[in-house]
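Listed below are the residues making up each chain.
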Amino acid sequence: MIATILLSVGIVFLAELGDKSQLMALTFALRYRWWVVLGGIATASAAVHLISVGVGYFLGAALPTRAITMVAALTFLAVGLWTLREHFGSADEPAEPKPPRSTTAPFLVVLSAFLLAELGDRTMFATAALATDNSWVGVWIGSTTGMVAADALAIAAGIVVGKHLPEHVIGICSGLLFLYFGTASLLAATRPDLGILTGGALAILAPTAAGLALLIRSRRARRDSEPAAVAEPAEEMR
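Residues numbered from 1 in each chain as written. Predicted model: local features only at pLDDT ≥ 70, side-chain atom pairs only at ≥ 80, totals over all residues. Heavy atoms only, no water.

## Focus: the overall build of the protein
Tallying secondary structure elements over the protein gives eleven helices and zero strands in all. Put simply, the protein runs from its N terminus to its C terminus through helices and strands in the order α-α-α-α-α-α-α-α-α-α-α. Out of the 238 residues belonging to the protein, those deemed buried represent 35%. Taking contacts inside the protein between residues at least 6 apart in sequence as the whole, the part at least 24 apart equals 91%. About 13400 Å² of surface is accessible on the protein, with carbon and sulfur atoms providing 69% of the total. (Helix = DSSP H or I, 4+ residues; strand = E, 2+ residues; numbered from the N terminus. Buried < 20%, exposed > 50% of the residue type's maximum accessible area, 1.4 Å probe, protein only. Contact = heavy atoms within 4.5 Å. Areas by Shrake-Rupley, 256 points an atom, 1.4 Å probe, with all protein chains shown as cover.)

Quick look at the structure:
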């Protein structure tokens, strides 16, 4: 059992290094509390790996991976646009006291995003393959632990980055990253012939265009507000 757990931890941990789940974990850590993100990731990982080891390869082969990927892509795009809309203009507006943030909604967002992203992923098939020749309990514990450990590194990086950046910058970067994930997932589902590198390169166009549009709107807003700011002192002198 111990050998199976250690084997599963090592395989899944190495498979997750540099994977999209780590980038997602870092992005969520920039926006939400670290323990909420870690809890959502752990719950999603346990559920996905329980499915993979419990039913095995046949369920994994029967999963509608294309439909799941498209739903995940639309989810990422929606979260990215919502995040950009929420933080647009926050750098120029006066700070207002914020009410205490609920942890239920962020937890559900992280949980659903990772469930959709990991269903049909290579890690799920690797876990199913390990379960065919080893104890499913050991594989389940080890694979879940390996994924949580890999994503915890990304969460730690997000915490470090978050301490050195303003909140509105974090929000805008998070929104752009979600747009990238959504576009990349959508291309992978609709145009699998493009390949990972080509699809990833094309996916950069979406956040780049959104970032440029955001920059142009921000500069126009500042330009429109400058004449009003200059006119106020002139009226006071009269």
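On we go from here.
## A look at helix α7 (residues 122–133)
Buried within α7 are the following residues: Thr123, Met124, Thr127, Ala128, Leu130 and Ala131. Seen from one end, α7 has its buried residues packed into an arc of 165°, which puts them on one side. Residues Thr132 and Asp133 are exposed on α7 and point more than 90 degrees away from its buried face. (Arc of directions from axis to C-beta.)

## Re the nonpolar core
Ranked by internal contacts, the top residues of the largest apolar core, which has 20 residues, are Met24, Phe28, Val37, Ile41, Phe76, Val110 and Phe114. Elements supplying a minimum of two residues to this core: α2 (20–31), α3 (34–55), α5 (65–87), α6 (104–118), α8 (136–162) and α9 (167–190). With five residues, the single largest contributor to this core is α6. What phenylalanine 114 contacts, discounting residues up to four positions off in sequence, is Ser21, Met24, Ala25, Phe28, Ile41, Ala44 and Asp151. (Core = buried A, V, L, I, M, F, W, Y, C linked by side-chain atoms within 4.5 Å.)

## A word on the side chain of serine 143
Take serine 143: it is sitting in helix α8. Assessed through its relative accessible area of 0%, serine 143 is described here as buried. In terms of polar contacts, serine 143 uses its side chain to reach the backbone carbonyl oxygen of valine 139, at 2.7 Å. Excluding anything up to four places from it in sequence, serine 143 contacts Ser8, Val12, His49 and Thr127. (Polar contact = N/O pair within 3.5 Å; in protein donor to acceptor, adjacent residues only side chain to side chain.)

## Regarding the environment of leucine 14
The residue leucine 14 is located in helix α1 (residues 2–16) in this model. Look at leucine 14 and you get exposed, because its relative accessible area is 58%. A sequence separation of 136 residues divides leucine 14 from alanine 150, and the C-alpha atoms of the two residues are 8.0 Å apart.

## Things to note about the pattern of salt bridges
Applying the stated criterion across every chain, the model contains one salt bridge. In this structure, the salt-bridge partner of aspartate 193 is arginine 191, at a minimum N-O distance of 3.0 Å. Owing to a relative accessible area of 57%, aspartate 193 belongs among the exposed residues under this scheme. (Salt bridge = Lys/Arg side-chain N within 4 Å of Asp/Glu carboxyl O.)

## Here we look at the confidence of the model for the protein
Mean pLDDT over the protein stands at 76; residues scoring 70 or higher make up 80%. Predicted confidence for residues 90–101 stays below pLDDT 50, and this span has seven contacts to residues more than four positions away or in other chains. (pLDDT = per-residue confidence, 0-100.)

## A word on the packing of α7 against α8
For the pair α7 and α8, interaxial distance at closest approach is 10 Å and the crossing angle is 150°. Put simply, α7 runs roughly antiparallel to α8. Regarding α7 and α8, the two cross each other, and that crossing is right-handed. Only Val139, Ser143 and Met147 of α8 make contact with α7, whose side of the interface consists of Thr123, Thr127, Leu130 and Ala131. When its residues are assigned to classes, the contact of α7 with α8 shows four nonpolar, three polar and no charged. (Axes fitted to C-alpha atoms, helices over the stretch in contact; angles between N-to-C directions. Parallel < 35°, antiparallel > 145°, perpendicular 65-115°, else oblique. Left-handed = near helix turned anticlockwise from the far one by under 90°. Nonpolar A, V, L, I, M, F, W, Y, C, P; charged D, E, K, R; others polar.)

## Some details on the packing of α1 against α8
The axes of two packed helices give the description: the angle between them and the distance between them. Two elements in contact, α1 and α8, have axes separated by 7 Å at closest approach and are oriented at 35°. For the pair α1 and α8, the crossing hand works out as right-handed. Of the residues in α8, those touching α1 at Thr4, Ile5, Ser8, Val9, Val12, Phe13 and Glu16 are Gly138, Val139, Ile141, Gly142, Ser143, Thr145, Gly146, Met147, Ala149, Ala150, Asp151 and Leu153. Partitioning the contact of α1 with α8 into residue classes produces ten nonpolar, seven polar and two charged.

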